[in-house]
Amino acid sequence: MASTDQTVLQFFPLSTSLSAKVHPLVIFNICDCFVRRPDQAERVIGTLLGSVLPDGTVDIRNSYVVPHNESSDQVALDIDYHHNMLSSHQKVNPKEVIVGWFSTGFGVTGGSALIHEFYSREIANPVHLTVDTGFTNGEASIKAFVSVNLSLGDQQLAAQFQEIPLDLRMVEAERIGFDILKTTAADKLPTDMEGMEATMERLLALIDDTYKYVDDVVEGRVAPDNTIGRFISDTVSSIPKISPSAFDKLVNDSLQDQLLLLYLSSITRTQLSLAEKLNTAAQIL
């Protein structure tokens, strides 16, 4: 009887589905490193720090750049610098560990596999984060990848990068700055009042969408969703019951506190500037 054994091309996915969550500070830091890169460097790479949450989500909270040189067929990393920076970061935040690495550019390149292999020796299943600082699609697209082994029978042929879900969560103030950062050009940075105006417009749009959804459910045009209903109920119940006069007083008191802080900071800057000039004059005399 002829043998039925065959050599099969096998694709081994990860044992668990991974997802990543990145904080905006990491994106801003990567963009700043790209702007400050050496003139001859086409991209920057670095280490991602964070933790793995109980649900398996990789929480990326910090990063630092790692000097490197790369050509068409090889990549050289400054491993000593990488380990020194990691040691310094963990003295401040001991709970932050290596979760992956980042690079600027659109997607993965030929040298990415070599760099990923190095970080695979540091941790298991590192995340590769890419930030398109070249605005290939008109904005700075951000993607996350993991490496998946591709084997032929018992022989491992290569590692393939597979994109994973990426969540970019930020507060409204960070969202305004990120919206400006990811565009190719900006006429000017918004003032505090313009930023507040944009935030209020977005809040009103969300309230209008909520009103429309509730009306559609009441009229029977949309099937009710218990999860959305509980979320709306929790949101409404979290709003404190306060009279208009008490609300106006609360806002005015907060505004006066902010103005007082601005006034004190302005006086401090003036005093420091005056002291510096007096000190310079005394040294000259």
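Read on for an overview of the structure. These numbers come from a predicted model, not from an experiment.

1. Some thoughts on the overall build of the protein chain
Here comes step 1: Secondary structure assignment for the protein chain yields seven helices and 11 strands.
Here comes step 2: Counting all 285 residues of the protein chain, 25% fall into the buried class.
Here comes step 3: Across the protein chain, every contact between residues at least 6 apart in sequence was considered, and the portion connecting residues at least 24 apart equals 61%.
Here comes step 4: Surface accessibility of the protein chain: about 19800 Å² in total, with carbon and sulfur atoms responsible for 57%.

2. Regarding the nonpolar core
Here comes step 1: Residues V26, I27, L48, I60, L129 and I164 are the most contacted members of the largest nonpolar core, which totals 22 residues.
Here comes step 2: Taken together, the elements giving at least two residues each to this core come down to strand 2 (19-22), helix 1 (24-35), strand 4 (57-65), strand 7 (97-104), strand 8 (127-131) and strand 9 (142-152).
Here comes step 3: No other element matches helix 1, which puts six residues into this core.
Here comes step 4: Non-local contacts of V26, meaning those with residues more than four positions away in its chain, are made with L48, I60, R61, N62, S63 and L129.
Here comes step 5: Counting residues in each nonpolar core, the second largest holds 10 residues, with I45, Y64, W101 and Y119 among its members.

3. With respect to unusual backbone geometry
Here comes step 1: If you check the backbone angles, N125 has positive phi at about 55° while not being a glycine.
Here comes step 2: Residue placement: N125 occurs in the loop between helix 3 (112-122) and strand 8.
Here comes step 3: Classification of N125 by relative accessible area gives partly exposed; the value is 45%.

4. Some words on helix 6 (residues 226-238)
Here comes step 1: End to end, helix 6 covers 18 Å across 13 residues, agreeing with the expected 18 Å (1.5 Å per residue, within 8%).
Here comes step 2: Summarising burial for helix 6: zero of the 13 residues are buried, a small minority.

5. A word on the side chain of T47
Here comes step 1: Within the secondary structure, T47 is located in strand 3 (residues 45-52).
Here comes step 2: One polar contact links T47 to Y119, side chain to side chain, over a distance of 2.7 Å.
Here comes step 3: Apart from the residues within four sequence positions on either side, T47 is in contact with N62, S63, Y64, V66, H82, I98, G100, W101, F102 and Y119.

6. Looking at the packing of aromatic side chains
Here comes step 1: For the coordinates displayed, the defined rule picks out two aromatic pairs.
Here comes step 2: Seen from their ring centres, W101 and Y119 are 6.1 Å apart, and the 10° between their planes marks the pair as stacked. Taken as a pair, W101 in strand 7 and Y119 in helix 3 lie far apart in primary sequence, 18 residues in all.
Here comes step 3: Aromatic side chains F118 and Y119 sit 5.1 Å apart centroid to centroid with 80° between the ring planes, which places their arrangement in the edge-to-face category. Accessibility classification places F118 together with Y119 in one group, the buried group.
Here comes step 4: Among the aromatic residues, ring-to-ring pairing joins W101, F118 and Y119 into one connected group.

7. Some points on the environment of D132
Here comes step 1: On the secondary structure map, D132 appears in the loop between strand 8 and strand 9.
Here comes step 2: With 26 residues separating them along the chain, D132 and F106 place their C-alpha atoms 4.8 Å apart.

8. Description of helix 2 (residues 79-92)
Here comes step 1: If you check helix 2, its first and last C-alpha atoms are 21 Å apart, about what 14 residues at 1.5 Å a residue would give, namely 20 Å.
Here comes step 2: Among the residues of helix 2, H82, L86 and H89 are the ones counted as buried. Along the long axis of helix 2, the arc covered by the buried residues comes to 70°, so they all point the same way. Exposed and facing more than 90 degrees away from the buried side of helix 2 are D80, N84 and K91.
Here comes step 3: Of the surrounding secondary structure, the elements contacted by the buried residues of helix 2 are strand 3, strand 4, strand 7 and helix 3.

9. Concerning the packing of helix 2 against helix 3
Here comes step 1: For the pair helix 2 and helix 3, the least separation of the axes is 14 Å and the interaxial angle reads 45°. As judged from the angle between their axes, helix 2 and helix 3 are oblique. The handedness of the crossing between helix 2 and helix 3 comes out as right-handed. Contacts from I79, H82 and H83 of helix 2 reach helix 3 at F118, Y119 and E122.
Here comes step 2: Residues of the contact of helix 2 with helix 3, tallied by class, amount to three nonpolar, two polar and one charged.

10. Details of the side chain of S63
Here comes step 1: Within the secondary structure layout, S63 lies in strand 4.
Here comes step 2: Among the polar contacts listed, one links the side chain of S63 to the side chain of N29, at a separation of 2.9 Å.
Here comes step 3: Sequence-distant contacts of S63, that is, excluding residues within four places in its chain, are made with V26, N29, I30, T47, L48, H89 and F102.

11. Considerations on the pattern of salt bridges
Here comes step 1: All told, the structure shown has six salt bridges when counted by the stated rule.
Here comes step 2: Note that D32 and R36 form a salt bridge whose closest N and O atoms lie 2.9 Å from each other.
Here comes step 3: What you see here is one network of salt bridges that share partners, running through D59, R61 and E96.

Conventions we followed
Residues numbered from 1 in each chain as written. Predicted model: local features only at pLDDT ≥ 70, side-chain atom pairs only at ≥ 80, totals over all residues. Heavy atoms only, no water. Helix = DSSP H or I, 4+ residues; strand = E, 2+ residues; numbered from the N terminus. Buried < 20%, exposed > 50% of the residue type's maximum accessible area, 1.4 Å probe, protein only. Contact = heavy atoms within 4.5 Å. Areas by Shrake-Rupley, 256 points an atom, 1.4 Å probe, with all protein chains shown as cover. Core = buried A, V, L, I, M, F, W, Y, C linked by side-chain atoms within 4.5 Å. Expected span 1.5 Å × (residues − 1). Polar contact = N/O pair within 3.5 Å; in protein donor to acceptor, adjacent residues only side chain to side chain. Phe/Tyr/Trp six-rings, centres within 6.5 Å; stacked < 30°, edge-to-face > 60°. Arc of directions from axis to C-beta. Axes fitted to C-alpha atoms, helices over the stretch in contact; angles between N-to-C directions. Parallel < 35°, antiparallel > 145°, perpendicular 65-115°, else oblique. Left-handed = near helix turned anticlockwise from the far one by under 90°. Nonpolar A, V, L, I, M, F, W, Y, C, P; charged D, E, K, R; others polar. Salt bridge = Lys/Arg side-chain N within 4 Å of Asp/Glu carboxyl O.

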